[in-house]
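What follows is each chain in one-letter form.
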Amino acid sequence: MSDRTMLPFEPMRSLIFVDLAKEDYRIKLENWLYRYHIPDSISQFGPYVTKYAFYPALPVPPGGERFGTVRMQMTEHYWLVNPNNPKFNHHKALTEFFPTDVLKWQNNIPDDFDPHNMAPKEDVENIEGDDARSTKGDASKGTVPFIFAFIPVWWEEDFKGEGRTVEDGPNYRWQFVIKYPEGHEEEGEKWFHEKFIPAFQEAEEVNRIVSSRIIQEANGCEFDRVCEMWFQCQTSWVETIKEVSTKVKKPSWAETEDFPYLTKSFGISSVFLSDIARADNITSYHGYITMR
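Residues numbered from 1 in each chain as written. Predicted model: local features only at pLDDT ≥ 70, side-chain atom pairs only at ≥ 80, totals over all residues. Heavy atoms only, no water.

Read from one edge of the open sheet, 5 strands run β4-β1-β3-β2-β10, paired in antiparallel fashion. In this open sheet, the two edge strands, each paired with only one partner strand, are β4 (147–151) and β10 (279–280). Here 7 bridges tie strand β2 (residues 49–56) to strand β3 (residues 73–79), and the two strands are oriented antiparallel to one another. By the bridge assignment for β3, Lys51 is matched with Tyr78. Relative to β2, helix α1 (residues 26–45) is tilted by about 170°, and along the sheet it contacts β1 (12–18), β2, β3 and β10. (Pairing = 2+ DSSP bridges. Helix = DSSP H or I, 4+ residues; strand = E, 2+ residues; numbered from the N terminus. Contact = heavy atoms within 4.5 Å. Axes fitted to C-alpha atoms, helices over the stretch in contact; angles between N-to-C directions.)

So, in structure tokens, the structure goes:
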């Protein structure tokens, strides 16, 4: 058997943060996701992905904008192998249907929509899916990076709330990724563990804190760490942020004057979630069946 077919067993989880440029695009993006992207994706990776789920983003809480909060959803995969392993020969029988407009709806590239010209395009410009997922965003143009982070299957670090069960009630989940300024990764990790996390551990409204380093070598993701914190509700998060922001002092490498001292969307990006996936696509997708 040729060595190129011997892919190692590399179980990993991945998170994709999907933003929304404006509310007018929500139904367009939802239509593409459920009508085209789910079946396209399953046909490509179905044999080696065990979970492929969509978690709709909850509304951005007051003050949430400066944490780079995305407004559409978080997409989660559980992989049996690394899809970016060079042993994969990426000659796909079918190319994904990934119109360039999707990146505009997701706020990854500038939106050139002309409200005075409502005529439909004759041709749809398609972009290869892997290229689309590597879009960097441009802060000067108001766009955000396409965030696709691979992490270990299980959380690596448990900071608070071990032993919590579903009987303890529903959770308002704040999931976020952090990218430390270039050249300050070691200092950033020290600040995260010694200043940032302890302030949240002390906060009464925080029920759970877990975190992992991002597996950057899996796909070149530029973010360093993912963290998830659970609260009772949106108000609990707002009150905790007010409390914590007065305790955590600005580090020497800070990118901004205000807490969390990281550039929104590029230094920190967040999503607010409930406990459950609204679509577990591998097990429950039955096509784009419209309402009547």
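After that view, the rundown keeps rolling.
Before going further, it helps to examine the sheet that holds strand β7 (residues 208–213). Across the sheet, 5 strands lie side by side as β5-β7-β8-β6-β9; this open sheet has antiparallel pairing. Sheet topology places β5 (157–160) and β9 (268–273) at the edges, where each strand pairs with a single neighbour. Along the sheet, successive strands turn relative to each other by an average axial angle of 15°, direction set aside. Direction of pairing for strand β6 (residues 172–178) relative to strand β8 (residues 225–231): antiparallel, over a ladder of 7 bridges. Along β8, the bridge assignment pairs Gln175 with Glu228. Of the strands in this sheet, β5, β6, β7 and β8 are in contact with helix α4 (residues 185–202), which crosses β8 at around 5°. Its contacts with the sheet put helix α6 (residues 234–245) on β6, β8 and β9, and the angle it makes with β6 is roughly 45°.

All chains considered together, the criterion is met by 18 salt bridges. The residue Arg225 makes a salt bridge to Glu157 at a minimum N-O spacing of 2.9 Å. With Arg225 in strand β8 and Glu157 in strand β5, the pair connects residues that are 68 residues apart, well separated along the chain. Judged by its relative accessible area of 22%, Glu157 falls in the partly exposed class. Each of Glu157, Glu189, Arg213 and Arg225 takes part in a single network of salt bridges with overlapping partners. (Salt bridge = Lys/Arg side-chain N within 4 Å of Asp/Glu carboxyl O. Buried < 20%, exposed > 50% of the residue type's maximum accessible area, 1.4 Å probe, protein only.)

Take the side chain of Asn207 next. The topology assignment puts Asn207 in the loop between α4 and β7. Setting aside anything within four residues of it in sequence, one finds Asn207 in contact with Lys160, Gly161, Arg164, Trp230, Phe231 and Gln232.

Tallying each qualifying case throughout the model produces 28 aromatic pairs. With a centroid separation of 5.0 Å and an interplanar angle of 50°, the aromatic rings of Phe196 and Phe200 are classed as tilted. In this pair, Phe196 and Phe200 are both assigned in helix α4, 4 residues apart and thus about one turn of the helix distant. Phe196 gets classed as buried once you look at its relative accessible area, which sits at 1%. By relative accessible area, which is 0% here, Phe200 ends up buried. (Phe/Tyr/Trp six-rings, centres within 6.5 Å; stacked < 30°, edge-to-face > 60°.)

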